[in-house]
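Now for the letters of each chain:
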Amino acid sequence: MSKPWDAVIIGGGAAGLFCSGVAGQLGKKVLVLDHAEVLGEKIRISGGGRCNFTNLHSSPANFLSLNPHYVKSALARYSAQDFIKLVQTYRIAYHEKHQGQLFCDDSAKQIIDMLMGECAKGKVQIRHPVVINAISYEGGEWLIQTDSGVEHSRSVVMATGGLPVPAIGATAFSLDIAKQYGLRVIDPRPALVPLSFTSGEFENLNALAGLSLPVRIAAGSKGDRYGTCRFHEDLLLTHKGLSGPAVLQASSYWAEGEAIHID
Ligand SMILES: Cc1cc2nc3c(=O)[nH]c(=O)nc-3n(C[C@H](O)[C@H](O)[C@H](O)COP(=O)(O)OP(=O)(O)OC[C@H]3O[C@@H](n4cnc5c(N)ncnc54)[C@H](O)[C@@H]3O)c2cc1C
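Residues numbered from 1 in each chain as written. Predicted model: local features only at pLDDT ≥ 70, side-chain atom pairs only at ≥ 80, totals over all residues. Heavy atoms only, no water.

Remarks on the overall build of the protein chain
Summing up its helical and strand segments, the protein chain has seven helices and 14 strands in all. Overall, the protein chain is about 70 × 45 × 35 Å in size when its C-alpha atoms are taken along their principal axes. Per-residue burial over the protein chain gives 33% buried out of 263 residues. Sequence separation of 24 or more characterises 62% of the internal contacts of the protein chain that already satisfy a separation of 6 or more. When the accessible surface of the protein chain is summed, it comes to about 15,700 Å², and 55% of that surface belongs to carbon and sulfur atoms. The average position of the 24 basic charges and that of the 24 acidic charges among the side chains of the protein chain differ by 7 Å. (Helix = DSSP H or I, 4+ residues; strand = E, 2+ residues; numbered from the N terminus. Buried < 20%, exposed > 50% of the residue type's maximum accessible area, 1.4 Å probe, protein only. Contact = heavy atoms within 4.5 Å. Areas by Shrake-Rupley, 256 points an atom, 1.4 Å probe, with all protein chains shown as cover. Lys, Arg positive; Asp, Glu negative; His and termini not counted. Charge placed at Lys NZ, Arg CZ, Asp CG, Glu CD.)

So, the site of the ligand
Taken together, 21 residues surround the ligand, and among them Ala15, Asp34, Gly47, Asn52 and Thr171 come closest. Aspartate 34 places a polar side-chain atom, nitrogen or oxygen, 2.6 Å from an oxygen atom of the ligand. The backbone of glycine 47 places a nitrogen or oxygen atom 2.9 Å from an oxygen atom of the ligand. When the ligand sits alone it has 990 Å² of accessible area, and the protein chains cover 70% of it. Counting only elements with at least two residues in the shell around the ligand, the list comes to α1 (14-25) and α2 (41-45). The class makeup of the residues in the shell around the ligand is eight nonpolar, 11 polar and two charged. (Near = heavy atom within 4 Å. Polar contact = N/O pair within 3.5 Å; in protein donor to acceptor, adjacent residues only side chain to side chain. Nonpolar A, V, L, I, M, F, W, Y, C, P; charged D, E, K, R; others polar.)

A word on the domain arrangement of the protein chain
Along its sequence, the protein chain is organised into domain 1 (5-51 + 107-180) and domain 2 (195-262). Here the C-alpha centre of domain 2 lies 35 Å away from the C-alpha centre of domain 1. (Domains from an automatic or database assignment.)

Structure follows, in structure tokens:
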């Protein structure tokens, strides 16, 4: 039997490729497994094809988590500035769009190539498309059963991403594995999404579809999940409902049945 991997990373998207590159460059023997024909598809479509890769003003206050301390320690070890330096090392041209948002001038594909470049530096092996049938822990190591054999590893990183856009490979695989190992799972729900009207109550707003205007928006409820929010941003009326940065931001705090206040 060959020597086990130090880490098998399941999922070769933004998180999996970044993690693999760092681990590989620390001298770890790393294997990435992904079921997709093409890697990094969600990065490719991000930011309208130009990838909004970070924000100049990124701070722990911009992240939603039931454990706000986690992001403090994560950002203390690797900040937005560190990522910008990496982008500059790869000579990727970028620009600031709105309130510190940084986008590639040319294409999100450059970010995928950069992450692949980091993996190559760390001698990371990437195997895809591979079907992962089961993961188990036996005799002090992880066994990853795939359609092309069994991999042995000291550790496993689950990086299969969230549920949006199943057409490009998204699955609930990591959630299923978490449940298999009895980890507490917070029910996933959409965030950073537009809101659709589900009754005819707002039909008279259809005539205004396409109109964008600055608003003050408030949503959420005190003491529940992430609490309440207030944003001063643009709202866009669409044929289906409400969108624009104000609504996308507020959607992360809103729960069905609650009021949203818009001024
Ligand atoms: C339309 C759109 C635009 C976006 N724009 C931006 C933006 O501009 N800026 C930004 O920061 N974020 C943006 N996002 C969010 C961003 O794309 C995601 O947060 C990011 O890609 C998540 O990375 P990830 O590695 O966690 O997951 P993914 O990138 O989804 O990667 C998961 C990987 O796991 C693989 N996988 C899934 N299930 C399995 C399985 N069972 N077996 C093996 N492999 C599996 C998938 O094939 C995929 O390669 C956008 C998202 C969307 C949908």
